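# Structure at a glance
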Protein chains: 2
Amino acid sequence: DIFAYVEQYFHHKVADQVNGTKDLTGQDWVITAGPTMEAIDPVRYISNHSSGKMGFALAQAAQLRGANVTLISGPVNLPAPNGVNLITIKSADDMLAACQQAMTNQADVFIGAAAVADFKMKAINHQKMKKQSNADEMQLTLVKNPDIIATLASQKGAKYIVGFAAETQDVIHYAKDKLARKGLDMIIANDVSRTDIGFNQDQNQVTVLTKEQTWSSELATKNQLAIQLVEHIHTHFKSTLSK
Amino acid sequence: DIFAYVEQYFHHKVADQVNGTKDLTGQDWVITAGPTMEAIDPVRYISNHSSGKMGFALAQAAQLRGANVTLISGPVNLPAPNGVNLITIKSADDMLAACQQAMTNQADVFIGAAAVADFKMKAINHQKMKKQSNADEMQLTLVKNPDIIATLASQKGAKYIVGFAAETQDVIHYAKDKLARKGLDMIIANDVSRTDIGFNQDQNQVTVLTKEQTWSSELATKNQLAIQLVEHIHTHFKSTLSK
């Protein structure tokens with residue numbers, strides 16, 4: 001079984017680095033990953049670039065420290081991390097519903113690592129749309145998707161809420177704005193205009209922002225970075241609890 | 001090497017069934033596969049459901065009968081078939097250019113198995129589009145993509161041109177219309193409203209139409225079906241040459 005082998009390999013690689021610390025035991029972590037897929041009609045859709053690797057690596061890193069992890073993912077080509085409750089969905093509406101279900105009892109930590117489509121079709125066509133030979137242009141009318149992380153933050157779905165900001169310009173500016181505007185506890189920013197990191201790459205380099213602090217990571221594999229990020233999240237989460 | 005193993009397994013499975021006949025030796029076959037990906041901005045795109053399995057299986061089946069096969073594919077998660085010249089592209093414009101390049105000298109057979117996006121953005125945004133808080137709707141203006149198979153048919157890029165028709169209703173009606181309108185020699189129709197076959201499934205059931213004949217396949221794996229389709233294409237292509 002090839003998938004079991006890959007999964008075991010990944011598990012051991014991360015496990016080695018976490019060194020058996022189980023200090024997240026008893027905590028519920030909910031993590032989103034991957035893109036969402038918004039149907040245009042039965043054969044066409046709008047989506048975002050996202051391999052799901054960062055969210056899957058975060059889920060594995062948190063699980064190996066003992067957390068009870070629910071991973072809610074759009075369509076990706078990754079094996080389910082060991083010991084994680086994986087829920088697969090397609091659209092942003094489905095992702096929000098799955099998050100709310102997973103957080104019926106308030107979770108400890110929520111990490112929104114999914115690349116959620118900001119827009120969906122105003123009306124999905126139930127039959128394949130045909131090209132009209134007399135029309136050279138076609139208008140798609142899109143409406144906003146629910147803002148999953150802002151919704152969960154306002155509903156206090158988790159005690160500590162972490163977002164991602166994937167931007168192509170003014171990365172830190174947009175990330176700071178998003179942190180404040182959506183009521184997040186932490187935001188992890190990366191510059192997706194760089195081709196060596198981020199989307200579909202195994203490596204990433206991020207800047208972590210809280211209200212008080214800024215930390216820039218080294219360039220690292222997503223697995224290594226996930227371990228560092230789980231450590232950052234856990235440390236800052238603990239410090240907010242003790243205030 | 002997992003991929004080499006999977007590739008070998010697939011290769012042998014098809015090879016067993018082709019039984020070593022090399023009667024396509026000396027023929028150039030060009031086959032398209034997978035979806036195309038039309039950028040909206042650096043993070044968003046429009047695409048079509050397509051695993052690429054049917055086109056990859058056709059490429060392997062033709063190669064095993066001795067054909068010199070160029071496979072031009074959109075983004076898929078499949079290993080390259082053994083002995084096939086694989087060219088990967090993203091957009092429909094890129095796919096057309098790659099086909100024309102591969103058919104600089106007229107090919108013998110062209111099979112358009114890709115699920116090409118009919119529309120692309122009128123203008124691609126080079127920075128990530130931001131949600132405007134005061135606008136609940138967004139209009140995307142799309143323009144027609146080039147009709148790859150009709151273009152290649154009119155340019156006589158190959159001596160024998162085979163299309164696919166993936167439809168959700170009136171399947172045979174649309175397929176017959178497409179055969180005539182685009183100047184194809186054969187069209188392979190399937191009903192993608194059925195969830196047991198087609199997109200992302202390992203099995204398929206198709207109806208093959210030429211001007212003179214109609215043939216409906218049994219439900220079969222895409223690998224088995226590819227062998228039958230290559231046989232049909234080769235037989236009908238030979239009969240047109242002898243006219």
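Let me sum up the structure you'll find in this document.

The next thing to look at is the overall build of chain A. Regarding its fold elements, chain A presents six helices and 14 strands. By residue count, 52% of the 243 residues in chain A fall in the buried class. Pairs at least 24 apart in sequence give 65% of the contacts found in chain A among residues at least 6 apart. Within the structure as shown, chain A displays about 11000 Å² of accessible surface, and the carbon and sulfur contribution to it stands at 48%.

This next bit is on the interface of chain A and chain B. At the junction of the two partners, chain A supplies 41 residues and chain B supplies 41 residues. Both sides of the chain A and chain B interface together cover about 4100 Å² of buried area, and 51% of this is carbon and sulfur. Summed over the shared surface of chain A and chain B, the result is four salt bridges. The residue B:Arg44 makes a salt bridge to A:Asp118 at a minimum N-O spacing of 2.3 Å. Along the contact surface separating chain A from chain B lie 15 residue pairs in polar contact (both at pLDDT 80 or more). Taken together, the elements giving at least two residues each to the side of chain A that touches chain B come down to α1 (2–18), β3 (44–48), β8 (137–144) and β9 (158–167) of chain A. Counting residues per element, the side of chain A that touches chain B draws most heavily on β8(A), which supplies eight residues.

Residue and element names in this part refer to chain B. As for its placement among the helices and strands, Ser-91 is situated in the loop between β5 (85–88) and α3 (92–102). Owing to a relative accessible area of 15%, Ser-91 belongs among the buried residues under this scheme. Apart from the residues lying within four places of it in its own chain, the contact partners of Ser-91 are Thr-36, Met-37 and Glu-38.

Each copy of the sequence occupies a distinct position, and chain A is placed on chain B by a rotation of 180° and an axial shift of 0.0 Å, giving an RMSD of 0.0 Å. In the structure described here, the two chain copies are related by an operation that fits a two-fold rotation axis. Minimal C-alpha distance to the rotation axis in chain A is attained by A:Ile46, lying at 2.2 Å. Most of the interface of chain A is mirrored in chain B, where 100% of its interface residues again form contacts.

All right, on to empty space enclosed by the protein then. Applying the stated criterion to the full structure yields two cavities of 30 Å³ or more. When its volume is computed, the largest cavity comes out at roughly 70 Å³. Counting residues per element, the ones that place at least two in the lining of the largest cavity are β8 of chain A together with β3 (44–48) of chain B. Grouping the constituent residues of the lining of the largest cavity by class yields seven nonpolar, one polar and two charged. Quantified by volume, the second largest cavity comes out at close to 50 Å³. Lining the second largest cavity we find A:Ile46, A:Ala117, A:Asp118, A:Phe119, A:Leu142, B:Ile40, B:Arg44 and B:Met138. Considered class by class, the residues forming the lining of the second largest cavity number six nonpolar, no polar and two charged.

A few words now on the pattern of salt bridges. All names here are of chain A. This structure, assessed with the given rule, holds 20 salt bridges over all chains. Linking Arg-181 and Asp-177 is a salt bridge whose minimum nitrogen-to-oxygen distance equals 3.0 Å. Taken together, the residues Arg-181 and Asp-177, both in helix α5 (residues 171–181) and four residues apart, mark about one turn of the helix. Using a relative accessible area of 35% as the deciding quantity, one classes Asp-177 as partly exposed. Connected through shared salt-bridge partners, Asp-23, Arg-65 and Glu-231 make up one network.

Moving on to helix α6 (residues 222–241) of chain A. With 20 residues, α6(A) should cover 28 Å at 1.5 Å per step; its first-to-last C-alpha distance of 28 Å lies within 8% of that length. Of all the positions in α6(A), only A:Lys222, A:Asn223, A:Leu225, A:Ala226, A:Ile227, A:Leu229, A:Val230, A:Ile233, A:His234, A:His236 and A:Phe237 are classed as buried.

So, on to the sheet that holds strand β7 (residues 119–121) of chain A. Across the sheet, which stays open at both edges, the four strands sit in the order β7(A)-β8(A)-β8(B)-β7(B) with antiparallel pairing between neighbours. A strand with exactly one partner marks an edge of an open sheet, and here the two such strands are β7 of chain A together with β7 (119–121) of chain B. Adjacent strand axes in the sheet meet at a mean angle of 45° when their direction is disregarded. Sheet analysis places β8(A) next to strand β8 (residues 137–144) of chain B, joined by seven bridges and oriented antiparallel. The residue of β8(B) that forms the bridge with A:Met138 is B:Leu142.

So, how was this worked out
Residues numbered from 1 in each chain as written. Chains lettered and ligands numbered in written order. Predicted model: local features only at pLDDT ≥ 70, side-chain atom pairs only at ≥ 80, totals over all residues. Heavy atoms only, no water. Helix = DSSP H or I, 4+ residues; strand = E, 2+ residues; numbered from the N terminus. Buried < 20%, exposed > 50% of the residue type's maximum accessible area, 1.4 Å probe, protein only. Contact = heavy atoms within 4.5 Å. Areas by Shrake-Rupley, 256 points an atom, 1.4 Å probe, with all protein chains shown as cover. Buried area = accessible area lost by both parts, 1.4 Å probe. Salt bridge = Lys/Arg side-chain N within 4 Å of Asp/Glu carboxyl O. Polar contact = N/O pair within 3.5 Å; in protein donor to acceptor, adjacent residues only side chain to side chain. Least-squares fit on C-alpha atoms with pLDDT ≥ 70 in both. 1 Å grid on protein atoms, 1.4 Å probe; cavity = no way out; pocket = protein on both sides within 12 Å on 5 of 7 lines; lining within 4 Å. Points joined across faces, edges and corners; volume = space filled by probe spheres on them. Nonpolar A, V, L, I, M, F, W, Y, C, P; charged D, E, K, R; others polar. Expected span 1.5 Å × (residues − 1). Pairing = 2+ DSSP bridges. Axes fitted to C-alpha atoms, helices over the stretch in contact; angles between N-to-C directions.

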